[in-house]
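Tertiary structure, described
Single-letter residue listing:
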Amino acid sequence: MDQLTFSFQGLVATLLQLAAVVAGVVGCIQVATTRPDAFPAASKLSKGAWLAIIVVATLVAGAFGVLHLLGLLAAIAIIVYWVDVRPALQRVQGRGRQDGPYGPW
């Protein structure tokens, strides 16, 4: 039973690490292909700053995994990009939804 529990925990940790790395790589590509003027227009850090944050976070999440403190901080940085920065950039660029949180205004 302990062997099964250990392997299940390892599988979950590996899947979380893989998800963080994939989200980071896709985030890197999106930041690299976004216009530089969209970041200040969305009141976010510069394109270079976000590119550095996402690249470092992806490397750290891949090296340590998300169950390590540094990996957890890296995963949080990647999540912040996906839930805060990316939607703001899409609104500024005219892509994305113009709805409120509960539907159209």
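Now for a quick tour of the structure. Computed from a prediction, not measured in an experiment: that's the story for all the values here. (Residues numbered from 1 in each chain as written. Predicted model: local features only at pLDDT ≥ 70, side-chain atom pairs only at ≥ 80, totals over all residues. Heavy atoms only, no water.)

Topic: helix α4 (residues 69-92)
Helical geometry: 3.6 residues make up each α-helical turn, so side chains three or four residues apart lie on a common side. Between the first and last C-alpha of α4 there are 34 Å, a value that for 24 residues agrees with the 34 Å anticipated at 1.5 Å per step. Maximal helix bending in α4 amounts to about 35 degrees, located at Y81. Inspection of α4 places G71, A74, A75, A77, I78, Y81, V85, A88 and L89 among the buried residues, and these make up the whole buried set. Just downstream of α4, G94 is the residue with a positive phi angle, here 85 degrees. (Helix = DSSP H or I, 4+ residues; strand = E, 2+ residues; numbered from the N terminus. Expected span 1.5 Å × (residues − 1). Bend = angle between axes of the 7 residues up to and from the residue. Buried < 20%, exposed > 50% of the residue type's maximum accessible area, 1.4 Å probe, protein only.)

Looking at the packing of helix α3 (residues 47-64) against α4
At a closest axis distance of 8 Å, the pairing of α3 and α4 adopts a crossing angle of 140 degrees. Comparing the axis directions of α3 and α4 gives the class oblique. Between α3 and α4 lies a crossing of left-handed hand. Only L70, G71, A74, A77, I78, V80, Y81 and V85 of α4 make contact with α3, whose side of the interface consists of W50, I53, I54, A57, T58, V60, A61 and F64. (Axes fitted to C-alpha atoms, helices over the stretch in contact; angles between N-to-C directions. Parallel < 35°, antiparallel > 145°, perpendicular 65-115°, else oblique. Left-handed = near helix turned anticlockwise from the far one by under 90°. Contact = heavy atoms within 4.5 Å.)

On their own, these measurements won't tell you what the molecule is for.
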